[in-house]
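Descriptive analysis of the structure
As a plain string of letters, each chain reads:
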Amino acid sequence: MAHPQLSSLKREETIQELQQQTFDLLVIGGGITGAGIALDAVARGMTVALIEKHDFASGTSSRSTKLIHGGLRYLKQFEIALVREVGRERDIIWRNAPHVVHPENMLLPIIKEGSLGKGSTSVGLYVYDVLAGVKRSERRVMLSKEQTMKQEPLLRDEVVVGGGLYKEYRTDDARLVIEVLKTAVAKGAVALNYLQANSFVYDNKKAVGAHVVDTISGKTFAIKADKIVNAAGPWVDELRQSDNSLKGKRLHLTKGVHIVVPYSRLPLKQAIYFDVAGGRMIFAIPRDKVTYIGTTDTNYKGAIDKPETNKADVEYLLKAINFIVPGQNLVMADVTSSWAGLRPLIHEDGKDPSELSRKDEIFHSPSGVISIAGGKLTGFRKMAERTVDIVADQLTKEKQKTYQPCTTHMIKLSGGQFANPTEVAQLVVKVQEQTGLAPIEARILVEKYGSNTPTILANAETKEGDWANKLLLAELDYAIAEELVYTPADFLVRRTGRLYFDRESIEAIYPTIIDYLFTKLKYSEEQHAKFEAAFMHEYRQVVLFE
């Protein structure tokens, strides 16, 4: 019997459950790719287990540009099919999770001697709109120089010659992952974090499971499955290596860094997407109390577990933003947070990082392990569909099992139970009235939990203290019982995004959080010290640029 929720209080029961059956499918990797595969497979009627060696979304899936975007830059590489697919996908994700996906204006300033001229931008955005199936009301508008400067007065006047205004969709990547996983688990999948696959279990040279270690208790056990998908993101090749199947195409990791500054230091009226030297383009995106800028794109050869932002990354981004927005004079000391993520791209000889395709690829191993790598956040649902089609075909041939086709385009995600996106804004108003929270705080809460927000508010009513304290404790309860939070970093980085977008609020609430988790989850003293040290390292690292 599958648990209807992802509860850290039921960790032992979940571990027992993982050992009690042979699953149709074991997914290794709890980022957006793995989560999408688990949901697609369980919705078709497969029995599914998913394991993640760290926390869900702790790799690339919490370190993206946080856009569900149609891939305008891929038009430059003539990847027409990719633009069409991700453009259409954007609309599906927005419909199914309107609380974590938000259409917002994006201004593309056209600058003298930039890589995009007025003509090519106009045509490019038009083609993009058509391919992506953009609604007429959201289609691009071309602007004169005067209109562009009125739209964004902070831009460098002497280089701007015009602009294009179009729609992009802002998201919270890590929240999207957890909502997909919660939906999969509600349908019967079994998922657990902090379970590391060390090697595969073989029978007659075929992989039939994985030997795993619970990194919290140190216990080891095996999970059996008829099919195994390796969706480990940047770690995909490590698992292929352990399966002796790292042949032919391989990963090419590139690092992407984003920096965060207070909104008051970069008060853009909307997001901008602008040219930098060398033909690359960079985003600056206002979000709540901050504006974030990114991304870099450099080859990466360091430790996969810990990509970090260095001084050169920050200087590159500051130089870029200070050129296009000259009056703010942003400096290193303005940076309040940052994140560095790795793109698991497919290697192509002789290509620069920015030239590498973002297409996903599926690798088949002689042992039967299916690996998927590459791809984009926006395309996760189609990547899952292609992968699960293969798994379903194989299970039909080998086990005579039959499954329905993909239905995930019609599945509302956890928190996404709204008849239409305007209901999200109505809930924000309701939350404000109930709690007296400032409008921005009410919106941030609803954008995290969507239609699950009333559950948190009902629990908050039973807590002591002011609304801020009541809500913090209610969010923690929910995170422990419904979202498999085990450590302070799980909560402060991936479930709430506070480390990136509201870092200065952490100092005051941190003692409450660590003590609450310690008590509820019955940490040992050793775990308490370990989890605290791990979070404090991350807390310092996001502003420590060496």
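Refer to the structure presented above.
Residues numbered from 1 in each chain as written. Predicted model: local features only at pLDDT ≥ 70, side-chain atom pairs only at ≥ 80, totals over all residues. Heavy atoms only, no water.

**With respect to the overall build of the protein**
When you go through the protein residue by residue, the secondary structure sums to 18 helices and 18 strands. Expected size for 546 residues packed as a compact globule is a radius of gyration near 24 Å; at 23 Å, the protein falls within 12% of this value. With respect to the three principal axes, the spread of C-alpha positions in the protein is 70 × 60 × 50 Å. Of the roughly 21,500 Å² of accessible surface on the protein, 53% is carried by carbon and sulfur atoms. Distance between charge centroids for the protein: 4 Å, based on 70 positive and 68 negative side chains. (Helix = DSSP H or I, 4+ residues; strand = E, 2+ residues; numbered from the N terminus. Rg over C-alpha atoms; globule rule 2.2 N^0.38 Å. Areas by Shrake-Rupley, 256 points an atom, 1.4 Å probe, with all protein chains shown as cover. Lys, Arg positive; Asp, Glu negative; His and termini not counted. Charge placed at Lys NZ, Arg CZ, Asp CG, Glu CD.)

**Some details on the packing of helix H13 (residues 453-460) against helix H14 (residues 467-482)**
Their axes nearest at 8 Å, the elements H13 and H14 cross at an angle of 120°. Here H13 is positioned oblique relative to H14, judged by the angle of their axes. Taken as a pair, H13 and H14 cross one another with a handedness that is right-handed. On the side of H13, the interface is formed by Ile 456, Leu 457, Asn 459 and Ala 460, while H14 contributes Trp 467, Lys 470, Leu 471, Ala 474, Glu 475, Asp 477 and Tyr 478. Taken together, the residues that form the contact of H13 with H14 break down as seven nonpolar, one polar and three charged. (Axes fitted to C-alpha atoms, helices over the stretch in contact; angles between N-to-C directions. Parallel < 35°, antiparallel > 145°, perpendicular 65-115°, else oblique. Left-handed = near helix turned anticlockwise from the far one by under 90°. Contact = heavy atoms within 4.5 Å. Nonpolar A, V, L, I, M, F, W, Y, C, P; charged D, E, K, R; others polar.)

**Topic: the environment of Pro 326**
Note on placement: Pro 326 falls in the loop between helix H9 (311-324) and strand S16 (337-346). Residue classification places Pro 326 among the partly exposed positions, given a relative accessible area of 27%. The contact partners of Pro 326, leaving out residues within four places of it in the chain, are Leu 154, Leu 155 and Arg 156. (Buried < 20%, exposed > 50% of the residue type's maximum accessible area, 1.4 Å probe, protein only.)

**Section: unusual backbone geometry**
A cis amide bond links Gly 294 to the next residue, Thr 295, at an omega of 20°. For Thr 295, the location among the structural elements is in the loop between strand S14 (290-294) and strand S15 (298-299). The phi dihedral of Lys 205 falls on the positive side, at around 70°, and the residue is not glycine. When you line up the elements, Lys 205 lands in the loop between strand S8 (195-203) and strand S9 (206-214). Judged by relative accessible area, which is 74%, Lys 205 ranks as exposed.

**Considering the environment of Asp 477**
Note on placement: Asp 477 falls in helix H14. C-alpha of Asp 477 to C-alpha of Lys 520: the two residues are 43 residues apart in sequence and 8.8 Å apart in space. Residue contacts for Asp 477: discarding those within four places in its chain leaves Asn 459, Lys 463, Tyr 516 and Lys 520.

**Section: helix H1 (residues 11-19)**
Working note: α-helix, 3.6 residues per turn, so residues spaced by three or four point in the same direction. The complete set of buried residues in H1 reads Arg 11, Thr 14, Ile 15, Glu 17 and Leu 18. Axial view of H1: buried residues confined to an arc of 160°, hence all on one face. Those residues of H1 hidden inside the fold are in contact with strand S1 (22-28), strand S2 (48-51), strand S7 (190-192), S8, S9 and strand S10 (220-230). (Arc of directions from axis to C-beta.)

**Quick look at the pattern of salt bridges**
With the rule as written, the count across this model stands at 42 salt bridges. With a shortest N-O distance of 2.6 Å, Lys 401 and Asp 24 are connected by a salt bridge. Of this pair, Lys 401 sits in the loop between helix H10 (380-399) and helix H11 (422-435) while Asp 24 is found in strand S1, placing the two residues 377 residues apart along the sequence. Note on Lys 401: relative accessible area 29%, which makes it partly exposed. The residue Asp 40 makes a salt bridge to Arg 44 at a minimum N-O spacing of 2.6 Å. Across this residue pair, the class does not change: Asp 40 and Arg 44 are buried. One network of salt bridges, in which partners are shared, links Glu 104, Arg 170, Asp 172, Arg 287, Asp 288, Arg 443 and Glu 447. (Salt bridge = Lys/Arg side-chain N within 4 Å of Asp/Glu carboxyl O.)

**Some remarks on the packing of aromatic side chains**
This model, assessed by the stated rule, comprises 15 aromatic pairs. Seen in terms of ring centroids, Tyr 449 and Tyr 478 are 5.6 Å apart; in terms of plane orientation they differ by 80°. Their pairing is edge-to-face. Pair noted here: Tyr 449 is in helix H12 (residues 439-449) and Tyr 478 is in helix H14, with a separation of 29 residues, a long-range link. Across the pair, Tyr 478 and Tyr 449 agree in class, each one buried. Here the aromatic cluster, defined as three or more aromatic residues joined through ring pairs, consists of Tyr 292, Trp 339, Tyr 500 and Phe 501. Seen from the ring of Phe 363, Arg 240 lies directly overhead, with NZ or CZ sitting 4.1 Å from the centre. Seen from the ring of Trp 467, Lys 470 lies directly overhead, with NZ or CZ sitting 5.9 Å from the centre. (Phe/Tyr/Trp six-rings, centres within 6.5 Å; stacked < 30°, edge-to-face > 60°. Lys NZ or Arg CZ within 6 Å of the ring centre and 35° of its normal.)

**Here we look at the side chain of Asn 96**
Positionally, Asn 96 belongs in helix H4 (residues 80-96). Each residue touching Asn 96, except ones within four places of it in the same chain, is listed here: Thr 408, His 409, Met 410, Ile 411, Lys 412, Leu 413 and Gly 416.

**Details of empty space enclosed by the protein**
Going through the model one piece at a time under the given rule, you end up with seven cavities of 30 Å³ or more. Quantified by volume, the largest cavity comes out at close to 180 Å³. Lining the largest cavity are 15 residues, and of these Arg 63, Pro 307, Glu 308, Glu 538 and Gln 541 lie nearest its centre. Elements supplying a minimum of two residues to the lining of the largest cavity: S16, helix H16 (498-501) and helix H18 (525-541). The residue inventory of the lining of the largest cavity, partitioned by class, reads six nonpolar, four polar and five charged. Looking at the lining of the second largest cavity residue by residue, the class counts come to eight nonpolar, three polar and one charged. (1 Å grid on protein atoms, 1.4 Å probe; cavity = no way out; pocket = protein on both sides within 12 Å on 5 of 7 lines; lining within 4 Å. Points joined across faces, edges and corners; volume = space filled by probe spheres on them.)

**Details of the nonpolar core**
Generally speaking, a soluble globular protein has its nonpolar side chains buried in company with each other. Counting residues in each nonpolar core, the largest one holds 81 residues, and the members touching the most others are Leu 18, Leu 26, Ile 37, Met 46 and Leu 176. Apart from residues lying up to four places away in sequence, Leu 18 is in contact with Phe 23, Ala 49, Val 190, Leu 192, Leu 195, Phe 221, Ala 222 and Ile 223. One finds Val 290, Ala 479, Val 485 and Tyr 510 within the second-largest nonpolar core, a separate group that totals 47 residues. (Core = buried A, V, L, I, M, F, W, Y, C linked by side-chain atoms within 4.5 Å.)

Distances and angles like these do not, on their own, reveal function.
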